[in-house]
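Architecture at a glance
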4 protein chains.
Amino acid sequence: MSSNFGKCLEISIFGESHGPLVGVCIDGLPAGCDIDMEYINKQMSRRAPGNDPGATQRKEPDIPVIKTGSYRGKTTGAPLMAVIENTNTRSADYENIELVPRPSHSDYPAYVKYGGHNDIRGGGHFSGRLTACMVFAGALCRSILKDYDITIGGHVYSIGNAYDDKFDMCEVDKDLLNRLSSEYFAVINENIKVDMQDIIMLAKKDCNSVGGIIEVAVCGMPAGVGFPMFRGVENVISQAVFAVPAVKGIEFGAGFDFSCMTGVSGNDQYKMSCNTVKTMTNNNGGILGGITTGMPIVFRAAVKPTSSIATEQRSVNLATMQNTKLVVKGRHDPCIVPRALPVIESAAAIAVFDLLLENGTIKRC
Amino acid sequence: MSSNFGKCLEISIFGESHGPLVGVCIDGLPAGCDIDMEYINKQMSRRAPGNDPGATQRKEPDIPVIKTGSYRGKTTGAPLMAVIENTNTRSADYENIELVPRPSHSDYPAYVKYGGHNDIRGGGHFSGRLTACMVFAGALCRSILKDYDITIGGHVYSIGNAYDDKFDMCEVDKDLLNRLSSEYFAVINENIKVDMQDIIMLAKKDCNSVGGIIEVAVCGMPAGVGFPMFRGVENVISQAVFAVPAVKGIEFGAGFDFSCMTGVSGNDQYKMSCNTVKTMTNNNGGILGGITTGMPIVFRAAVKPTSSIATEQRSVNLATMQNTKLVVKGRHDPCIVPRALPVIESAAAIAVFDLLLENGTIKRC
Amino acid sequence: MSSNFGKCLEISIFGESHGPLVGVCIDGLPAGCDIDMEYINKQMSRRAPGNDPGATQRKEPDIPVIKTGSYRGKTTGAPLMAVIENTNTRSADYENIELVPRPSHSDYPAYVKYGGHNDIRGGGHFSGRLTACMVFAGALCRSILKDYDITIGGHVYSIGNAYDDKFDMCEVDKDLLNRLSSEYFAVINENIKVDMQDIIMLAKKDCNSVGGIIEVAVCGMPAGVGFPMFRGVENVISQAVFAVPAVKGIEFGAGFDFSCMTGVSGNDQYKMSCNTVKTMTNNNGGILGGITTGMPIVFRAAVKPTSSIATEQRSVNLATMQNTKLVVKGRHDPCIVPRALPVIESAAAIAVFDLLLENGTIKRC
Amino acid sequence: MSSNFGKCLEISIFGESHGPLVGVCIDGLPAGCDIDMEYINKQMSRRAPGNDPGATQRKEPDIPVIKTGSYRGKTTGAPLMAVIENTNTRSADYENIELVPRPSHSDYPAYVKYGGHNDIRGGGHFSGRLTACMVFAGALCRSILKDYDITIGGHVYSIGNAYDDKFDMCEVDKDLLNRLSSEYFAVINENIKVDMQDIIMLAKKDCNSVGGIIEVAVCGMPAGVGFPMFRGVENVISQAVFAVPAVKGIEFGAGFDFSCMTGVSGNDQYKMSCNTVKTMTNNNGGILGGITTGMPIVFRAAVKPTSSIATEQRSVNLATMQNTKLVVKGRHDPCIVPRALPVIESAAAIAVFDLLLENGTIKRC
């Protein structure tokens, strides 16, 4: 397995949905940084269950407790480890899935990989609950990135066929990002949120689920961060973002729309602006040749519909190797997109933090 | 910088467009594998310039020469290093860009990053020419993967608004992939190729360029390969694919289309088929929880229009910090998509090879 | 910082001497391995304080509690995280050292590195207490290695100028290693232990401390494990062993004695023995070119005297930058060598486990 | 295999003794550094064969040619790749060893590891010739380290039982190190060199070989470099040094002598000196808790006698699995220690360079 991320910021995530806890160990943080628990808890609450009527009814507090690497309210430079206890688990809901894999979950490939030894209760180590650890790590990074005037935020760009406005990729600024990243179910255009919520409630009523798209921006990145080829900003962000369960696609700047653009319409031409080199458009999403241009980084991630649905589905019994049917029990969000938003922001945060450390922009001490 | 890829298969790429050579060092190859130079050269030729009327007129032979790690026609287990000499360079074409960055190229961020010390001739280490090294490494991996009955192939899914058929994600098989991966400018539906070529020729006539989408499939992967979270198959493939210049997005299976799907329509339900567990659909592109399901891996990559266009563009002079204009000289493809196809197939090959080594499926010796 | 070890077995250690806990996260363990807590606790007790009259009087239970990665008494393949609570800390003992670094401790370089933000109580993350985590990880590896008939054990080779017998490097076998690794303060020749203990008690009486040498062997390693150059067995074991505080040297086989040997006397000539290739001597300690020969791996590690002594020493005040004097308070072992023995065995265990995983000898699942 | 070293400075070494070339790719060098070929070639010549009467009679020029990563005499920030051609090989000398492994060489474990597919001519990738690549990389690093006032040098501390003076570990300075590192077969006390040479010539006459000890110092390292536990300075230097064939032991500062010292005699007490914190002794060799103290780094490496000797030795035939005898042909140094000296200095150079990059002391650009 490889639940570790990062080259200079090394993040190790551990835990299972129905074990005693989930947690994260973060090595490489600079010493002497303030730990803003209020900010961290705010971000944790954006991901925590129970925020809205459509979402899962599990009310887990999701309180991270820092166990190591902190002294007198600051980072020490030693590995910082935090745990989040699991307090509200109903393992009985998972008794029927041990040998009957839930469609579009990791159950079947994990069964093959681990020979049936993995903990399948609640998805075990594959559970979305592990993303709480990413939010903790991301929030800690984000609170330190503020000192470098780097801001990360995102919004629910779409749920089904209801679309929010896109970011203005040249003009997106930290005020907007700060507003968005302080909300649950953040959107740019509030009018669209009702439509999105209706789509979600309808899916819930139908024992169904829906997907969507999340758009994230990073403002304040200096030009020159990132590396060519395999350690480019896109490579590192995408490695982090695909760790979020349900993400099946990522695009930067114009992304897939580039396929219908031309060099004349798509190239980002340069201009001087307040003695700074800027691009007149930002179709490349702030990244050229893997390296930041100084323009905002903008990317979108596709999130698939929640795999757990209350509708009967076809599956197989791995013991008898016979076809069978399955109804997934338990409490599940009909749409994971709003809760996935702070997770994907966090994935972006740990990715850029790692690159900024490697680049020397963030000092070790 | 970080022109190195892989955990168990360690690939180091070096070279510049206008230096004496580009090359690659590959550590971690099993010992005793036949080196099929005919197959490798065939793949090299699919990427090499000069294949079609719309493409660049540079005729570089692109002959890789293996210098180390090979003995009696087989791999030895020692690092295998190969070089491709640069024989046809016209550096004078780049004299005017040293201080005037070409839009949508890496020139500006690289200038900031390297303080002007990087070799800008032909894009230097950022040049598309470096992808020849990826094709070499990928072709070598692919020829070894054949022994494991794993086949990789792809096609030009779109150029502008001309679309080929998509892969049937459940049924795509090695016969189709072998056919596609033996051609230049491979498409599933030959009828569409004329439209694509017309779009490219029109762009060329207009001193413009066009983008497109490439679709790649990997058949024969056993279930259980890949790791949760940060070393999932999607994470590793995307890390490799974003190393290809001009790629700005990637999606697996249904990808961004998932955003408009529901759990009922999008979940891949299981069935027994010839005593094997299969999914009835393959919207997840052969990957769940980062781990292969045994179904074909399918992904798509968005390729932006060639940045180098002969149309005048706005830029800035980095010495005077004044606005200026620029016409990019040199010989450039109006559409890079057909030549990028074998590169992206190769990126997929090195990614799955690395995972198969780590998984123990491919034996070291 | 970098409290992480390993390529295929990834170990992350966290915690401080005077924080709530120390612990370790281990990623890469195969799924389905029995977790032999009795064996693990036995190894923990060999390192725990309070074993003998000369040693520190802190009686910490050192009970590791597995929090994740275990299900039904077996490994799941997910990261296994265990913590050991700190129950018996007297931080007041460290109040006078914050600005007056203790000689031969990490206090001064850590102060420079972390700008004074590190937790200095009890040495913080640099404390010998962190080695409890290495013993836990090592014991878990060792219990799995038994299934591969690989046995690790060691003995206190010297304390001051009292020397035990050396291993017979050709004949050392698992019976001897099992005997040694079940004891506290293991020696081959029991007669010498009294001399060693006398040296330690004398040092204690004098408010002084003494060093020594530890010798460790690994039996049962198949030939062909390890890699040339930077991933050889010596490289990986030494990287792990130098993580143990107080270790200042390591040698394999004849080690430094090789400097006075010749090719004729030092070369390990081959012979057939029971249809197996063996060497007639084992001056190379079971490793040639970084790769195992199938003979026992043997190495020795030099351990410096405990840095904390009750004798007054000269130091400086880092606030005033004036010379000053210091008496180190607290409870300290006059000789750390007996307790370091299971730690260094554990370092060897995690090193060979990592190499065996990479080699494919140990299967992931 | 793993012929790659480093975290922030990534070095990949390739080649075989009897192939066309050996070489190295170095990623992570800062951009804009002068490449001092005169200095590099001077260091290459210290390792090259043919320097003295006792040494091998192969006269290979060992001229490194930089192929990539350099522009206008400076580093560009892109991977710098250099090759050294093999011009003087006599493969016939190795015909008899293919199935009869040479004692104390890697032949046998490599045969097992690679199933007989490795290139055994001249030791293939295990050959001492590969160390030319380490010297190139080390010399390049050393020439850049000069800008940071960091100097590395060493001497032949012993050949057999002839011992040079040891470094004064507190007072060793760059003048001495510069003198030593400009010589072949450097010693502190010139009087002892004759004895050493006599020992070597006697071994040569007897168809035998001898070992020795090399001592290296690094001056000018700032305090605070390195990391606790697995990325300490000792860990990283030892990982690099054990890549040098024939090294079987390493010790830092007082090293193995610590085993007979006490806390009172061995601890390095602090004092102020010219407003700088210094230690009164330097038994810890400039490293505490894995981190530099600002005092000189001093270590010693044990080098075994040349394995290739012209005396008949016992071996086995791997095809027939019968005992046999072997006389190693070819031209071999009766003592490798003088030529190993610049290699071990180079290993130290790449290790500290990597740590200084990670620490942020050396800027990327």
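How each quantity is defined
Residues numbered from 1 in each chain as written. Chains lettered and ligands numbered in written order. Predicted model: local features only at pLDDT ≥ 70, side-chain atom pairs only at ≥ 80, totals over all residues. Heavy atoms only, no water. Least-squares fit on C-alpha atoms with pLDDT ≥ 70 in both. Contact = heavy atoms within 4.5 Å. Helix = DSSP H or I, 4+ residues; strand = E, 2+ residues; numbered from the N terminus. Buried < 20%, exposed > 50% of the residue type's maximum accessible area, 1.4 Å probe, protein only. Buried area = accessible area lost by both parts, 1.4 Å probe. Salt bridge = Lys/Arg side-chain N within 4 Å of Asp/Glu carboxyl O. Polar contact = N/O pair within 3.5 Å; in protein donor to acceptor, adjacent residues only side chain to side chain. Nonpolar A, V, L, I, M, F, W, Y, C, P; charged D, E, K, R; others polar.

With that settled, the discussion passes to the relation of the copies chain C and chain B. Relating one copy of the chain to the other takes a rotation about an axis and a shift parallel to that axis. Superposing chain C onto chain B takes a rotation of 180 degrees plus a shift of 0.0 Å along the axis, which leaves an RMSD of 0.0 Å. The two molecules are tied by a two-fold rotation axis, judged by turn and shift. The position closest to the rotation axis in chain C is occupied by the C-alpha of Gly 360 of chain C, lying 2.9 Å away. When the interface residues of chain C are mapped onto chain B, 100% of them again fall at the interface, so both copies present the same face.

Once turned by 180 degrees and shifted 0.0 Å along the axis, chain D lies on chain C with an RMSD of 0.0 Å. Most of the interface of chain D is mirrored in chain C: 100% of its interface residues are interface residues there too.

The subject of this paragraph is unusual backbone geometry. Residues and elements named next belong to chain A. With a phi close to 60 degrees, Asp 149 is a non-glycine residue in the positive phi region. Within the secondary structure layout, Asp 149 lies in the loop between α3 (131–145) and β8 (151–159). Judged by relative accessible area, Asp 149 falls into the partly exposed class, the value being 45%.

This part takes up the interface of chain C and chain B. Frequently, the measure chosen for interface size is the accessible area that the parts lose on association. Tallying the contact residues gives 7 residues for chain C and 7 residues for chain B. Buried area between chain C and chain B, both sides added, is near 660 Å², and the carbon and sulfur share of it is 44%. Our count for the contact surface shared by chain C and chain B stands at 2 salt bridges. Of the charged contacts in the structure, one is a salt bridge between Glu 10 of chain C and Lys 7 of chain B, with a shortest N-O distance of 3.2 Å. Summed over the shared surface of chain C and chain B, the result is 3 residue pairs in polar contact (both at pLDDT 80 or more). For the side of chain C that touches chain B, the per-class residue count stands at 1 nonpolar, 1 polar and 5 charged.

Residue and element names in this part refer to chain C. Per the counting criterion, the structure on display carries 84 salt bridges over all chains. A salt bridge links Lys 7 to Glu 358, with the nearest nitrogen and oxygen atoms 2.9 Å apart. Taken together, the residues span a long stretch of sequence, with Lys 7 in the loop between β1 (4–5) and β2 (10–15) and Glu 358 in helix α8 (residues 337–359) at a distance of 351 residues. The burial state of Lys 7 is the same as that of Glu 358; both residues are buried.

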